[in-house]
Amino acid sequence: MEPSIVELKGITKTFQRGKEPIVVLDGLTLEIPTGSFEALMGPSGSGKSTLLNLIAGLDRPTQGSAVVAGANLVSMSDGELAKFRARHIGFIFQAYNLLPVLTAIENVELPLLLTNLSKTERRERAQTALRVVGLEERMKHYPRQLSGGQEQRVAIARAIVNDPTIIVADEPTGDLDRKAADDILNLLERLNKEFKKTILMVTHDPHAAERAGVTRKLDKGQLQ
Amino acid sequence: MIPVSYNLRNLTVRKTTTAAVALGLGLVVFVFASVLMLSNGIKKTMGRSASPDVAVVLRKGATAELESVIEEPSINLVLNDKELPLPATGPRGIAELVVVILLDKVGAPGLSNATVRGVADGSLAFRPNIKIIAGRAAQSGSDEVTVGKAIRGRFKGLDLDQTFELKKNRPVKVVGIFEDAGSSYESEVWADLNLVRASFRREGVVSVIRARVEPSKFDGYKASIESNRQLNMQVLKEAEYYDKQSEGTSTFIAAMGIMIAVFFSVGAMLGAMITMHAAVANRQREIGTLRALGFSKASILFSFLIESIMLALLGGVLGAGASLAMGMVNFSMVNFASWSEISFRFEPTPGIIAGGIIFATVMGLFGGLFPAIRASRVSPIDAMRS
Ligand SMILES: Nc1ncnc2c1ncn2[C@@H]1O[C@H](COP(=O)(O)OP(=O)(O)O)[C@@H](O)[C@H]1O
Ligand SMILES: [Mg+2]
């Protein structure tokens, strides 16, 4: 059995809405083994994104312990969390989140600007990542010149360019049609099988969840 | 670091607002730089009249040639002082009478003041830099005058071969035009000393004596003249005299201009602030994405400051460039020291241009500060929201 890459114990997350505290995660425990491809499902508003954000180091739990890639996220400062994300997390967003004024390759190169790589090394790596997602010949294109599916593939190239420990994807096919969604899911499957990437994907599409090795359901602040 | 091209392209994407804000900032820099150039031009124009080896002798207490009265017998005492060395060439000194007359302006209604210098034989020889560029020198003892090229043609009758009335029923004829590298002499009329005396009932007096003194002997000469109680005179280096003449006017103009520029800069900075604020609001998700990817708060702050400063620099370059074009313009205005018309130019210096660019940068910095701080506070979770 591989060691766990995500270890959450007794995680509680409450948000303050006005005077009312709302408990989104309620004493949740989760272990994700290295190299797995897991889907996280659940009704809208059940806290899937909240959980993903905690694992990705975007937010801190109200209570509980969170160790991801060997780092204790609970005790880290904002700056340390930013470094943690740069080093360990590859992000894939529902709305792709490419910077519109940058070309595909410039978008992919962004995470590498936080490393010590030289300009040529950065270009080479970004180009390799674009080759993996099959968009090498579109590297000079701006996001508006690409289809939604192509934009998401560029975003995936950006997520893998840094060789992250874990890839988190929040509804990565939510804005795509069936055909483009399948392309993205094939790509994620390939990243998991061929490149041994650990992937955690939030989705409410059962079709997408089928592709993952494990599907977890979140409801009432707990994993079923 | 977030690449600068990211900011540059964002400025190009919203090119209309970028242009409008840059124009506003540019206008402020233009006012700032032009006014300092004018102030500098006034100083330079006056300073150009000065030679390092000339002492100016005035009545004690007089602040300008025009206010000073020196009796004829004093001239010899001043110019034959034992501390005054004999010059290698040219006259030892000259005594001149300065008055102001009212003349009809050309191309504008109304009258304006012009300075008239009553000169004796040695005046041109004493100032070897002055050149007659049209016509000839005036004959001494005649009713011929010469006119500086800066006021030539600015008043009725003040051009070559024309005549005008020095005083009622005292017509004089312009026989020559002179130039002096842009000095204030170029804004004067030079007439015969005795003619000026007779026309203005100033027989037996002059306004000012200039003496040739090499700088090393100046202090001794000054002490000798000023210690003579009967003479009751003051001695200044010529450069010092002209500095005092231009000081008030140039400082006033510089102060006015800087005040106006600072006043307008508040508006320009607000403009920069508003566009940068809008940019931050529009790019909320982009900022969140950058934060999620691991860029620090500081790098976001820095990036938006850079963007604001680049915007301001664009305005600064526009404004400074436009102010350089003012260098082509001749500017005529009243010199407050003599209340007569004097012609100035906008004199640029690298310091003034650099000052304008720095001014723009500071406006960009202050205008961009609050939006940049707001940008740095955008939460990375915002990147996840759709
Ligand atoms: N920053 C926040 N402040 C207050 N409430 C929040 C915040 N983020 C999420 N929530 C609430 O937490 C609950 C779970 O949200 P989310 O994790 O986005 O759900 P899901 O992704 O499963 O649809 C929702 O009720 C949402 O309104
Ligand atoms: Mg969600």
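Residues numbered from 1 in each chain as written. Chains lettered and ligands numbered in written order. Predicted model: local features only at pLDDT ≥ 70, side-chain atom pairs only at ≥ 80, totals over all residues. Heavy atoms only, no water.

Regarding the overall build of chain A
Point 1. A count of helices and strands for chain A gives 7 helices and 10 strands.
Point 2. In terms of overall size, chain A behaves like a compact globule, its C-alpha atoms giving a radius of gyration of 17 Å where 224 residues would be expected to give roughly 17 Å.
Point 3. Seen through its C-alpha atoms, chain A measures out along the principal axes to roughly 50 × 45 × 40 Å.
Point 4. Expressed as a percentage of its 224 residues, the buried residues of chain A come to 54%.
Point 5. For chain A, long-range pairs separated by at least 24 residues make up 71% of all intrachain contacts whose partners lie at least 6 apart in sequence.
Point 6. Working note: accessible area of chain A is about 10,000 Å², and carbon and sulfur atoms make up 49% of it.
Point 7. Averaging the coordinates of the 29 positive side-chain charges in chain A and doing the same for the 28 negative ones gives two points 3 Å apart. (Helix = DSSP H or I, 4+ residues; strand = E, 2+ residues; numbered from the N terminus. Rg over C-alpha atoms; globule rule 2.2 N^0.38 Å. Buried < 20%, exposed > 50% of the residue type's maximum accessible area, 1.4 Å probe, protein only. Contact = heavy atoms within 4.5 Å. Areas by Shrake-Rupley, 256 points an atom, 1.4 Å probe, with all protein chains shown as cover. Lys, Arg positive; Asp, Glu negative; His and termini not counted. Charge placed at Lys NZ, Arg CZ, Asp CG, Glu CD.)

Quick look at the site of ligand 1
Point 1. Neighbouring residues of ligand 1: Phe15(A), Arg17(A), Val24(A), Pro43(A), Ser44(A), Gly45(A), Ser46(A), Gly47(A), Lys48(A), Ser49(A), Thr50(A) and Arg385(B).
Point 2. The contact in question runs from an oxygen atom of ligand 1 to an N or O atom on the side chain of Ser49(A), over 2.8 Å.
Point 3. Take Thr50(A): an N or O atom from its side chain is 2.5 Å from an oxygen atom of ligand 1.
Point 4. Relative to its unbound accessible area of 560 Å², ligand 1 is 67% covered by the protein chains.
Point 5. In this structure the site holding ligand 1 corresponds to the largest pocket.
Point 6. Elements with a contribution of two residues or more to the shell around ligand 1: strand S1 (4-17) and helix H1 (48-55) of chain A.
Point 7. When grouped by side-chain class, the residues that make up the shell around ligand 1 number 3 nonpolar, 6 polar and 3 charged. (Near = heavy atom within 4 Å. Polar contact = N/O pair within 3.5 Å; in protein donor to acceptor, adjacent residues only side chain to side chain. 1 Å grid on protein atoms, 1.4 Å probe; cavity = no way out; pocket = protein on both sides within 12 Å on 5 of 7 lines; lining within 4 Å. Sits in = over half its atoms within 2 Å of the grid points. Nonpolar A, V, L, I, M, F, W, Y, C, P; charged D, E, K, R; others polar.)

A closer look at empty space enclosed by the protein
Point 1. Applying the stated criterion across every chain, the model contains 2 cavities of 30 Å³ or more.
Point 2. In this structure, the second largest cavity spans a volume of roughly 60 Å³.
Point 3. Along its surface, the second largest cavity is lined by Arg85(A), Ala86(A), Ile89(A), Gly90(A), Phe91(A), Pro111(A), Arg158(A), Ala159(A), Asn162(A) and Leu293(B).
Point 4. Broken down by element, the residue count for the lining of the second largest cavity peaks at 3 residues, all from strand S6 (residues 89-92) of chain A.
Point 5. Taken together, the residues of the lining of the second largest cavity break down into 6 nonpolar, 2 polar and 2 charged. (Points joined across faces, edges and corners; volume = space filled by probe spheres on them.)

Remarks on the sheet that holds S1(A)
All names here are of chain A.
Point 1. One open sheet accounts for 4 strands, arranged S2-S1-S4-S5; its pairing is antiparallel. Edge positions in the open sheet fall to strand S2 (20-33) and strand S5 (71-72), since each of these has one partner strand only.
Point 2. Bridge count for S1 against S2 is 11 bridges, and the pairing is antiparallel. Bridge pairing links Arg17 to Glu20 in S2. (Pairing = 2+ DSSP bridges.)

Structural notes on the interface of chain A and chain B
Point 1. On the chain B side, the residues contacting the 26 residues of chain A number 21 residues.
Point 2. Across the chain A/chain B interface, buried area totals approximately 2,200 Å², and carbon plus sulfur atoms make up 66% of it.
Point 3. At the junction of chain A and chain B, the tally comes to 2 salt bridges.
Point 4. The salt bridge involving Asp78(A) is made with Lys297(B); its shortest N-O contact spans 3.3 Å.
Point 5. At the surface where chain A touches chain B, the tally comes to 6 residue pairs in polar contact (both at pLDDT 80 or more).
Point 6. When residues in the side of chain A that touches chain B are grouped by element, the largest group, 4 residues, is from helix H2 (residues 78-88) of chain A. (Buried area = accessible area lost by both parts, 1.4 Å probe. Salt bridge = Lys/Arg side-chain N within 4 Å of Asp/Glu carboxyl O.)

Regarding the domain arrangement of chain B
All names here are of chain B.
Point 1. Assigned domains within chain B: domain 1 (4-47 + 245-385) and domain 2 (61-231).
Point 2. Spacing between the C-alpha centres of domain 1 and domain 2 amounts to 46 Å.
Point 3. Across the domain 1/domain 2 interface, buried area totals approximately 990 Å², and carbon plus sulfur atoms make up 45% of it.
Point 4. Put simply, domain 1 and domain 2 have 0 salt bridges between them.
Point 5. Applying the counting rule to domain 1 against domain 2 returns 2 residue pairs in polar contact (both at pLDDT 80 or more). (Domains from an automatic or database assignment.)

Quick notes on the environment of Ala181(B)
Residues and elements named next belong to chain B.
Point 1. Here Ala181 shows up in the loop between strand S8 (170-179) and strand S9 (188-192).
Point 2. When its relative accessible area of 62% is taken as the criterion, Ala181 is described as exposed.
Point 3. Remark: the alpha-carbon pair of Ala181 and Asn129, spanning 52 residues in sequence, is separated by 8.0 Å.
Point 4. Setting aside anything within four residues of it in sequence, one finds Ala181 in contact with Arg48 and Glu186.

Some points on the packing of aromatic side chains
All names here are of chain B.
Point 1. Within this structure, the stated rule accounts for 6 aromatic pairs over all chains.
Point 2. Relative to Trp190, the ring of Phe178 has its centre 4.9 Å away and its plane inclined at 40 degrees; by these criteria the two rings are tilted. With Phe178 in strand S8 and Trp190 in strand S9, this residue pair connects regions lying 12 residues apart in the sequence. Each member of the pair Phe178 and Trp190 is classed as buried.
Point 3. Taking 6.0 Å as the distance between ring centres and 55 degrees as the angle between the ring planes, the aromatic pair formed by Phe263 and Phe264 counts as tilted.
Point 4. Taken together, Phe178, Tyr185 and Trp190 form an aromatic cluster joined through their ring pairs.
Point 5. Here Arg212 stacks its cationic end above the ring of Phe126, 4.3 Å away from the centre of that ring. (Phe/Tyr/Trp six-rings, centres within 6.5 Å; stacked < 30°, edge-to-face > 60°. Lys NZ or Arg CZ within 6 Å of the ring centre and 35° of its normal.)

As for the sheet that holds strand S9 (residues 214-219) of chain A
Each strand in a sheet pairs with its neighbour through backbone hydrogen bonds, running either in the same direction (parallel) or in the opposite one (antiparallel).
Residues and elements named next belong to chain A.
Point 1. Ordered in space as S6-S7-S8-S3-S9-S10, the 6 strands form an open sheet in which the pairing is mixed. Edge strands, defined here as strands with exactly one partner in the open sheet, are S6 and strand S10 (222-223).
Point 2. Judged from the 2 bridges that link them, S9 and S10 form a sheet pairing that is antiparallel. Its bridge partner being in S10, Asp219 is matched across the sheet by Gln222.
Point 3. Against the sheet, H1 contacts strand S3 (37-41), S6, strand S7 (166-170), strand S8 (198-202) and S9, and its axis sits at roughly 155 degrees relative to S7.
Point 4. Contacts from helix H6 (residues 178-193) reach S3, S6, S7 and S8 within the one sheet, and its direction differs from that of S8 by about 150 degrees. (Axes fitted to C-alpha atoms, helices over the stretch in contact; angles between N-to-C directions.)

Focus: the pairing of strand S12 (residues 233-237) of chain B
Residues and elements named next belong to chain B.
Point 1. With 4 of 5 residues buried, S12 is to be regarded as a mostly interior element.
Point 2. In terms of strand pairing, strand S1 (residues 54-59) meets S12 through 5 bridges, oriented antiparallel. The residue bridging Arg59 from the neighbouring strand is Met233, located in S12.

Digging into a nonpolar patch on the surface
Point 1. There is a patch of nonpolar side chains on the surface, built from Phe252(B), Met256(B), Ile260(B), Phe263(B) and Phe264(B) and spanning about 520 Å² of accessible area.
Point 2. Mapped onto the secondary structure, Phe264(B) falls in helix H7 (residues 238-282). (Patch = residues over 30% accessible without salt bridge, like charges linked within 9 Å, V, L, I, M, F, W, Y side chains within 5 Å.)

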